[in-house]
Structures are given as structure tokens and as C-alpha cells.
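Given next are the chains, with one letter for each unit.
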Amino acid sequence: MDTQALGRQLTEACASRDDAALAQLATTHGYLEPGKTTANLLLLNELVQNAELLAALFFEARETADSDQALNNLERLSWNLDRELLLSVLRREQQRRQLLSVLGGSAFLTSILCRSADHFSQLFLDGDIDRACDHDVMVGQLRHLIPDDADFELLQQRLRHYKFRQMLRIGSRDLCGLADFARTGQELADLASACLQRAWEICENLLRAEHGPPLLETEENACPLESEFTILGMGKLGGRELNFSSDIDLMYFYTSDRGATAGIDDGRGGRTGSIRLHNYYCKLAEMISRALGQVTSDGFVFRVDLNLRPEGSRGELANSLHGAELYYESWGQSWERTALLKARPVAGSIPLGEQLLKTLSPFIYRRYLDYSMVEDMKGMKQRIDQSLERKQEASSNLKLGRGGIREIEFFIQALQVIHAGKNPRLRERNSLMALDRLKEEGLLSEQDHETLREAYIFLRNAEHRIQMVQEGQTHSLPKRDEEMRALARRCGFEETAAFMKELNRHRDRVAELFQELFHSADEEAAEAIDPAIAPFLDAETDTDLLKDMLEARGFSNPDAAFEAIQT
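Quick summary incoming for the structure in this document.

The rules behind each value
Residues numbered from 1 in each chain as written. Predicted model: local features only at pLDDT ≥ 70, side-chain atom pairs only at ≥ 80, totals over all residues. Heavy atoms only, no water. Helix = DSSP H or I, 4+ residues; strand = E, 2+ residues; numbered from the N terminus. Buried < 20%, exposed > 50% of the residue type's maximum accessible area, 1.4 Å probe, protein only. Contact = heavy atoms within 4.5 Å. Areas by Shrake-Rupley, 256 points an atom, 1.4 Å probe, with all protein chains shown as cover. Salt bridge = Lys/Arg side-chain N within 4 Å of Asp/Glu carboxyl O. Axes fitted to C-alpha atoms, helices over the stretch in contact; angles between N-to-C directions. Parallel < 35°, antiparallel > 145°, perpendicular 65-115°, else oblique. Left-handed = near helix turned anticlockwise from the far one by under 90°. Nonpolar A, V, L, I, M, F, W, Y, C, P; charged D, E, K, R; others polar. Phe/Tyr/Trp six-rings, centres within 6.5 Å; stacked < 30°, edge-to-face > 60°. Lys NZ or Arg CZ within 6 Å of the ring centre and 35° of its normal. Pairing = 2+ DSSP bridges.

Attention shifts here to the overall build of the chain. Helices and strands together make up the secondary structure of the chain, namely 25 helices and nine strands. Within the span of the chain, comprising 567 residues, buried residues form 52% of the whole. Within the chain, residue pairs in contact and separated by at least 24 positions form 71% of the contacts whose partners lie at least 6 positions apart. Entry remark: accessible area of the chain is about 26100 Å², with carbon and sulfur atoms responsible for 47%.

On to the environment of V469, then. Here V469 shows up in the loop between α21 (446–467) and α22 (481–490). Residue classification places V469 among the partly exposed positions, given a relative accessible area of 21%. Sequence-wise, V469 and L109 are 360 residues apart; in three dimensions their C-alpha atoms are separated by 7.8 Å. Ignoring sequence-local partners within four residues, the contact set of V469 consists of G105, S106, A107, F108 and R490.

So, on to the side chain of T451. Its place among the elements puts T451 in helix α21. Judged by relative accessible area, T451 falls into the buried class, the value being 6%. Apart from residues lying up to four places away in sequence, T451 is in contact with R509 and L513.

Okay, the pattern of salt bridges next. The tally for this structure, following the rule as stated, stands at 37 salt bridges. With its nearest N and O atoms 3.0 Å apart, the salt bridge here joins K163 to E471. Here the residue K163 occupies a position in helix α11 (residues 152–175), and E471 occupies one in the loop between α21 and α22, the gap between them amounting to 308 residues. Comparing K163 with E471, the two get one shared label, buried. When the shortest N-O distance is used, the salt bridge between R198 and E201 registers 2.6 Å. Taken together, the positions of R198 and E201, both in helix α12 (residues 181–211) and three residues apart, correspond to about one turn of that helix. A network of salt bridges, in which partner residues are shared, links E60, E63, E93, R96 and R97.

With that out of the way, let us pick up the packing of helix α6 (residues 83–90) against helix α9 (residues 117–125). Orientation of α6 relative to α9, taken along the N-to-C sense of each, is 25 degrees, at an axis distance of 11 Å. On the basis of their axis angle, the class for α6 and α9 is roughly parallel. Considering how the two elements wind past one another, α6 and α9 form a crossing that is left-handed. Here L85, L86, S88 and V89 of α6 lie close against α9, whose contacting residues are A117, F120, S121, F124 and L125. Within the contact of α6 with α9, the residues separate by chemical class into seven nonpolar, two polar and no charged.

A few words now on the packing of aromatic side chains. The full count for this structure, using the stated rule, is 13 aromatic pairs. The interplanar angle of 75 degrees and the centroid separation of 5.0 Å between the aromatic rings of Y327 and Y328 together place this pair among those described as edge-to-face. Of the two residues, Y327 and Y328, neither departs from the other in class, the shared state being buried. Taken together, F229, Y252, Y254, Y280 and Y281 form an aromatic cluster joined through their ring pairs. The ring centre of Y365 lies 4.4 Å from the NZ or CZ of R427, which sits over that ring.

Another point: the pairing of strand β3 (residues 247–254). Across the eight residues of β3, seven count as buried, placing the element largely inside the fold. Pairing between strand β2 (residues 229–233) and β3: five bridges, direction antiparallel. From the neighbouring strand, G233 faces β3, where its bridge partner is L250. Two elements, β3 and strand β7 (residues 303–305), share three bridges in a ladder whose sense is parallel. Bridge assignment links D249 to a residue of β7, and that residue is D305. Examined bridge by bridge, β3 and strand β8 (residues 318–320) share three bridges and lie parallel to one another. Residue pairing in the sheet places Y254 in a bridge with S320 of β8.

See below:
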């Protein structure tokens with residue numbers, strides 16, 4: 001049926017309010033909820049008042065992830081926008097298709113469009129949907145939007161308004177095929193780092209107004225130097241591959257504990273409000289975390305997770321460089337080394353953050369082959385698997401399940417912790433770029449590189465398109481059939497079965513490579529151990545036998561030597 005003929009049928013049925021005819025047309029053309037579609041068509045006919053345009057909307061909505069939702073959300077949007085503003089976009093085929101893709105793909109993005117006519121105009125009329133954006137551009141926009149003398153409430157409000165505009169732009173470009181997975185992850189990470197940068201600038205201004213500038217202790221009569229502050233982004237923020245709905249893992253550090261703020265003039269020739277640097281920076285860290293993470297009437301910017309900091313949830317919010325160095329040298333654990341593989345200065349003093357990571361480099365990257373780290377990673381994965389089995393999520397969780405995103409990340413990190421100590425080229429934070437480096441350095445075959453790269457892109461794309469529906473913090477496949485079908489269509493598949501076949505193909509190949517890697521690591525670790533010291537690594541070996549072996553090898557005090565080995 002051509003557009004003109006269908007348009008006549010639709011408008012005639014709408015004019016006569018023939019619900020049965022409209023429902024039959026909806027069913028014939030693949031709509032799953034003909035009753036709702038009938039109601040939407042009646043209202044949209046009043047809006048467009050054009051048979052061909054109504055038919056175009058009816059046809060093109062079928063190409064979206066959820067055709068029923070696309071028309072329903074368009075009808076909803078029509079109540080929140082000026083009619084001529086909406087029609088100006090609907091009359092242009094490319095923009096009409098883009099709008100329908102957004103409306104049929106994400107309730108969250110639809111809610112942003114309905115929130116303000118400005119968001120709609122910026123996306124389609126001002127051309128946001130056609131523009132890529134990076135960290136520097138976003139920081140510039142935020143500095144224009146949030147004045148230097150802003151108070152904390154204004155900072156929170158405008159950060160959230162800006163977040164919605166950028167999430168709408170980034171998500172729409174992703175759904176409409178205007179940005180690939182890598183670009184989407186980069187822009188989400190850049191949005192987070194830009195918001196952190198402006199939050200740091202404003203919160204620093206507010207604290208300085210209350211306590212004065214933070215000054216380092218210096219020798220008498222020496223010119224005072226200001227202390228500095230840096231924010232490290234961890235995980236996917238550090239790798240510039242952030243999820244659509246993700247926590248941002250942060251750590252806060254500053255130059256030194258030795259010093260205090262200068263205080264402010266009390267109006268009587270003295271100064272008041274001076275506090276020690278540690279207290280100042282803990283207050284600053286808490287303010288920045290609230291600026292982004294606190295839920296207000298405008299929502300939140302990003303959920304902030306600080307549990308990767310030294311001593312985890314029990315630790316201080318901010319730590320000095322010396323304190324961080326001492327902690328990692330004395331108490332740093334294997335999982336903390338893994339976390340620091342992706343650490344990147346994202347806001348505040350970038351040089352200070354780079355200085356800290358350089359100082360911690362010997363802890364992160366060992367010069368010798370570290371197979372104990374691989375064992376720790378295996379243990380972490382086993383605990384994840386057991387947890388998923390208890391929750392019955394082993395097959396539905398794209399991140400943590402068998403052959404999922406986490407197995408690819410562990411694969412990359414395992415090779416990095418073993419080899420990056422001697423090969424700095426492998427010290428790459430971004431997962432796809434790290435895979436490229438592993439192939440270039442001969443640690444990954446062309447075929448395995450392609451397998452892991454394709455699987456990672458497929459899985460992360462699917463993860464994005466699960467999360468963008470309601471900005472939900474989930475990594476699991478939907479349980480309802482209609483939601484699974486919509487996910488498959490958002491990912492470019494007509495039907496669920498085709499999507500699941502491709503998903504399982506990727507997961508099977510990843511799981512196979514993951515098992516091969518850790519089996520090979522076990523063998524290499526065993527070969528790397530000198531047979532002469534192997535008994536000392538076996539907890540079952542008789543203690544007296546070990547001491548006899550030490551004496552036979554020339555130790556004059558085998559008891560003391562044995563104790564030294566054990567410690």
C-alpha cells in the first residue's frame with residue numbers, strides 16, 4: 001500500500017472515528033497494541049492535519065525499536081510543545097525519522113524532550129544531534145552556563161540541566177546511528193569529567209571564601225605556595241568508555257598535609273576560618289561528591305562511588321600524595337593494583353594526578369612476572385559466578401555472566417599485569433585500545449583480537465541500549481518478551497531470536513578464550529617456578545624436611561632461614 005492510499009484510509013477512519021478500522025490497520029502493519037495506537041492516531045491526526053504526513057508517521061514508527069511507544073510518545077510530546085515547533089521537525093523526513101527513533105527507543109530521552117521546549121529546539125533546530133563534543137568544549141559551555149560567583153544550589157541545578165541536554169544529545173546520536181560505541185563512551189566520560197571540573201572550580205571558590213587559600217608550610221620568610229587538588233577517575237571513566245547509566249568511581253588527592261588555609265579577614269585586623277589542609281580537602285571532596293551525586297528536585301548528574309579510595313569506605317575522603325604512597329607501598333592489595341590500571345586524572349590539577357600515578361607506577365606495574373595477581377583475578381571471577389548463580393542471573397547478565405564484559409576486561413588486565421611492568425606500551429586504560437596494543441606486541445593473535453574486539457563492542461552496545469530506556473543501572477537482559485524484542489531492534493535486529501543467536505555466539509567465544517588464557521597462565525606459572533623452591537610454596541610440605549633442605553644448601557641457621565622465608 002502506498003503512502004497516499006494509506007493516508008486516505010487513516011484520515012477517513014479518523015474523521016469518522018472508526019476505531020475498528022484503525023485497530024485493523026494497526027494490527028495489519030505490525031503494531032502490537034492496536035487499541036493504544038488507535039487512540040494515538042486520532043490525536044495525531046488532529047495535530048498534523050495532513051494525510052500524507054500521518055501515513056509517514058504510521059509507516060516510519062514501525063522501523064523504530066518499539067512502534068507503539070514511538071507513536072504514544074509522539075502524542076505525549078505534542079502536549080508539551082508548541083504545535084508549529086513540533087511540526088517544523090515532523091515535516092523534514094530525516095529529522096522526523098530521528099525523532100521517532102528517539103521516541104521509540106528511550107522513555108528516559110523522551111522525558112527530557114518533554115521537560116523543556118529548549119531541549120527539543122537545541123537537539124533538532126540548533127543541530128545538537130549532528131555535533132560531536134569533547135571535554136574541552138563541554139568545560140567551556142559549563143563555564144558559560146555557571147558563573148564563577150555561583151552558590152552551591154545554583155551549581156547543582158545547572159549541572160543537572162546541562163547533564164540532561166548532553167545525555168539527550170549523546171543518547172540520540174547513539175540511537176540514530178550517528179556515533180559508534182567508542183565515541184558514545186568517550187563523550188559520556190568527557191561529560192562526567194567536565195562536570196567534575198566545573199564542580200571543583202565552584203566548590204573551591206566557595207571554600208576559599210570561607211577559609212582562605214590552602215597554603216603549604218614553608219620555611220620562615222619564604223614565599224607561601226598553594227597546595228593543589230586532583231581527582232582521579234577510575235574504571236570506565238578512567239578509560240573514557242563510560243556506560244550510559246553508570247557510577248563514576250573517583251579518588252581525591254592533594255599535595256600535602258603540611259599546611260593550613262590562610263583564613264579570611266575578620267574586619268578587626270585579624271584572620272578567622274583557618275583550618276588544616278586535610279580538613280579543607282575532605283570538605284572539598286564532600287562538596288564535589290554532593291554537587292554531582294546528591295538527588296535533588298532536578299535529579300542527579302552522576303552517581304559517585306568513592307569505595308576504591310585507600311581503605312575503602314572506612315578511609316578518608318581525600319588523601320595527601322605522601323599518604324597515598326605510604327598506603328599502597330604498605331597495604332595495597334591486588335585488586336587495588338587492578339583498579340589503578342585505568343586510573344586517570346580527570347579534573348582539578350592534572351599534573352598533580354600524573355605525578356601521583358608516576359609515583360605509584362612501581363606498585364601498579366611490577367617488573368617481574370606476577371602470576372599471583374592472575375590467581376586473585378580468577379578468584380574474583382569465581383566469586384562473581386557464585387553470586388550470579390545464587391541470584392539466577394548467570395545467563396542474563398551481560399556484564400558479569402559467562403562470556404560477558406567482565407571476562408573480556410579480566411582477559412586484558414591479566415595480560416597487562418603480567419607484561420606491562422616490562423613493556424610500557426601495554427599501559428593503556430581504554431579496553432579497545434589495550435586490545436590493539438596486545439595484538440601489536442604479539443601477545444594476542446589477529447583472530448583472538450578480532451573475536452574479543454567484536455564481542456566487546458556488541459556487548460557494550462547492548463548494555464548501553466538496555467540502560468538508556470529508563471537510565472537504569474542494570475546490565476541484565478529484560479525478562480518480558482516485548483522488552484526483549486525492543487532491545488533486539490535497538491541493537492539492529494528484527495527479531496529476538498536473531499539477537500540472541502549473535503549474543504550467544506559472542507559469549508561462547510569469549511568464554512572459551514577466557515578459559516584458555518587462565519589455563520595457560522597456570523602452566524606458565526608452574527614452569528616459571530624453580531623446582532628447588534617449589535616445596536617451599538606447598539603448604540603440605542613437611543616443615544622439618546624444608547629445614548633439612550635449607551641446611552643441605554649451606555644455610556648455617558636453617559631455623560632462622562625458614563622463619564625468614566615464611567615472613
